[in-house]
Amino acid sequence: MLHIEREIAEQPEIIRHLLDRERSMAQRIANAIRKFNPNFMYIAARGTSDNAARYAQYLFGIHARMPVALATPSVHTLYETSPHLSRGLVLAISQSGKSEDVCRVVTDAREQGALTVSITNDPNSPLAQASEFHLNLDTGPEISVAATKTYTAQLGAVALLLTTLKDSAELHASLAGLPDAIRETLIESEAIHNWIERYRYIERFVTIGRGYNYCTAFEISLKIKELCYIVGEGYSEADFRHGPFALIDPGFPAIVVAPAGKTQPVLKDFLEKLNERQAESLVISNDADVLHLARKPMRIPVGMPEWLTPIAAVIPGQVFAMRLATEKGHNVDQPRGLNKVTVTR
Ligand code: AGP
């Protein structure tokens, strides 16, 4: 069995374990956030972890009405300066906790008196040590170069933090149902194996999302590029209409993440336009109306609240990328030219 296949399969249990074990640390961090009363949030991350940061932008922006910016680590490292962060909640997200630029954002922020929190898979990492508070993903080692279980765990940690901060029984109850929803999504995603051959020779693609699932579009795009060596981009549905839509010609593969919720109407309209142009639409959703518009539907559980769908909706994308890379004969656990840990400055 491939490492990535095992790591994808581990996700329900990892999320269950995370929600259980990190509850008291999430409570301590939530208390510190309330006491500090930050004016904004500033999140440092790279690669897949940066996509988890995009999720946090929407989750904290919508539920905590927090202005959330993605950090610009080069400002701190290459340009040797630091924005004014003293009234900020500075969050760093990293599987390894080793990237120097992400660490530098946290050390600069802490020096200024900001509230610093990290989310990593290694409590002994430089990043975990540099921040005042640390949420431990504790997924066990992730051997495959492509991050899968640590990504969904990062999203789970962000969701746990927000839920604890809001202290809402309704949000807590929804979060408790997440491991089962992920398990169901894994079962649904087994069908991808039966039709993946159709995409063996694609040379380009786009992934489209909006709102909470903007992150999902970026993360699936990263997985396909990294594992399958195919050129493609993640876009917001809104941005894609502002020019890139001209790319669409008959057969153009477009993976659209369109769950039930606030984004469904605009994404349904978008899918109708894709179909008018005879694009090849692959749709990740739990909404019958949009799944109906797909050449290839990829199902996530019905009834999931929209804010939690990114933690399930990425899974068909992970499986799609893994199966396509296998179909193409690539070394799926060790893509060419990459290391598990990339340290940037
Ligand atoms: C993930 O599939 C990639 N291999 C890569 O983008 C990775 O997420 C990135 O290097 C970030 O690493 P970190 O989370 O350990 O900081």
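As the structure is a prediction and not an experimental result, all values here were calculated from the model.

(A) Expanded view of the environment of tyrosine 235. Residue placement: tyrosine 235 occurs in strand β7 (residues 231–236). The class for tyrosine 235 is partly exposed, based on a relative accessible area of 21%. Remark: the alpha-carbon pair of tyrosine 235 and arginine 210, spanning 25 residues in sequence, is separated by 8.2 Å. Once residues within four sequence positions are removed from consideration, tyrosine 235 is found in contact with Val206, Thr207, Ile208, Gly209, Tyr214, Ala217, Phe218, Phe240 and Pro244.

(B) Quick peek at the domain arrangement of the chain. The domains assigned to the chain are domain 1 (3–176) and domain 2 (184–327). Placing the centre of domain 1 and that of domain 2 at their C-alpha centroids yields a distance of 26 Å. Counting residues at the interface gives 29 residues for domain 1 and 23 residues for domain 2. Of the roughly 2,200 Å² buried between domain 1 and domain 2 on both sides combined, carbon and sulfur atoms contribute 71%. If you sort the residues of domain 1 by the area they bury against domain 2, Arg54, Tyr55 and Tyr58 come out on top, with a joint share of 24%. For glutamate 5, the salt bridge identified is with arginine 323, shortest N-O distance 3.5 Å. One can count 7 residue pairs in polar contact (both at pLDDT 80 or more) joining domain 1 with domain 2. Within the residue set of the side of domain 1 that touches domain 2, elements represented by two or more residues are α1 (3–9), α2 (11–21), α4 (47–63), α8 (149–166) and α9 (169–176).

(C) Expanded view of the sheet that holds strand β5 (residues 133–136). Strand order in the open sheet made by the 5 strands is β2-β1-β3-β4-β5, with parallel pairing throughout. Pairing within the sheet leaves two strands with one partner each, and these edge strands are β2 (68–70) and β5. Recorded for the sheet is a direction-independent mean angle of 20 degrees between the axes of neighbouring strands. Judged from the 5 bridges that link them, strand β1 (residues 40–44) and strand β3 (residues 88–93) form a sheet pairing that is parallel. The residue bridging isoleucine 43 from the neighbouring strand is leucine 91, located in β3. Along the sheet face, helix α6 (residues 100–112) touches β1, β3 and β4 (115–120) and points at about 160 degrees away from the line of β3.

(D) Molecular detail of the pattern of salt bridges. Counted under the stated rule, the structure contains 22 salt bridges. A salt bridge links lysine 225 to glutamate 233; the shortest N-O distance between them is 3.8 Å. Salt bridges here are not isolated pairs; linked through shared partners, they connect Arg210, Glu237, Arg241, Asp269 and Lys273.

(E) Looking closely at the side chain of aspartate 333. Mapped onto the elements, aspartate 333 comes out in the segment after α16 (309–327). Summary of buried charges: aspartate 333 has no salt-bridge partner, and the nearest side chain of opposite charge, arginine 6, is 7.1 Å away. There is a polar contact of 2.8 Å between the side chain of aspartate 333 and the backbone nitrogen of histidine 3. Polar side-chain contacts of aspartate 333 include one of 2.9 Å to the backbone nitrogen of isoleucine 4. Those residues in contact with aspartate 333, other than ones at most four positions away along the chain, are Leu2, His3, Ile4, Ser144 and Val145.

(F) Geometry of the site of the ligand. Taken together, 13 residues lie around the ligand, and Ser49, Ser94, Gln95, Ser96 and Glu226 are the ones closest in. Between valine 145 and the ligand, the recorded distance is 3.1 Å, taken from a backbone N or O atom to a nitrogen atom. One nitrogen or oxygen atom from the main chain of alanine 147 is found 2.9 Å from an oxygen atom belonging to the ligand. A total of 410 Å² of accessible area belongs to the ligand in isolation, and the protein chains cover 89% of it. Elements that contribute at least two residues to the shell around the ligand include exactly α4 and α12 (214–228). Residues that form the shell around the ligand fall into these classes: 3 nonpolar, 7 polar and 3 charged.

(G) Structural context of the nonpolar core. In terms of nonpolar packing, the biggest core is built from 84 residues, with Tyr55, Phe60 and Phe320 touching the most fellow members. Both domains that furnish three or more residues to this core are identified here as domain 1 (3–176) and domain 2 (184–327). Apart from residues no more than four positions distant in its own chain, phenylalanine 60 is found in contact with Met41, Arg65, Met66, Val68, Val158, Leu161, Leu162 and Leu165.

Reading guide: rules and limits
- Residues numbered from 1 in each chain as written.
- Predicted model: local features only at pLDDT ≥ 70, side-chain atom pairs only at ≥ 80, totals over all residues.
- Heavy atoms only, no water.
- Helix = DSSP H or I, 4+ residues; strand = E, 2+ residues; numbered from the N terminus.
- Buried < 20%, exposed > 50% of the residue type's maximum accessible area, 1.4 Å probe, protein only.
- Contact = heavy atoms within 4.5 Å.
- Domains from an automatic or database assignment.
- Buried area = accessible area lost by both parts, 1.4 Å probe.
- Salt bridge = Lys/Arg side-chain N within 4 Å of Asp/Glu carboxyl O.
- Polar contact = N/O pair within 3.5 Å; in protein donor to acceptor, adjacent residues only side chain to side chain.
- Pairing = 2+ DSSP bridges.
- Axes fitted to C-alpha atoms, helices over the stretch in contact; angles between N-to-C directions.
- Lys, Arg positive; Asp, Glu negative; His and termini not counted.
- Near = heavy atom within 4 Å.
- Areas by Shrake-Rupley, 256 points an atom, 1.4 Å probe, with all protein chains shown as cover.
- Nonpolar A, V, L, I, M, F, W, Y, C, P; charged D, E, K, R; others polar.
- Core = buried A, V, L, I, M, F, W, Y, C linked by side-chain atoms within 4.5 Å.

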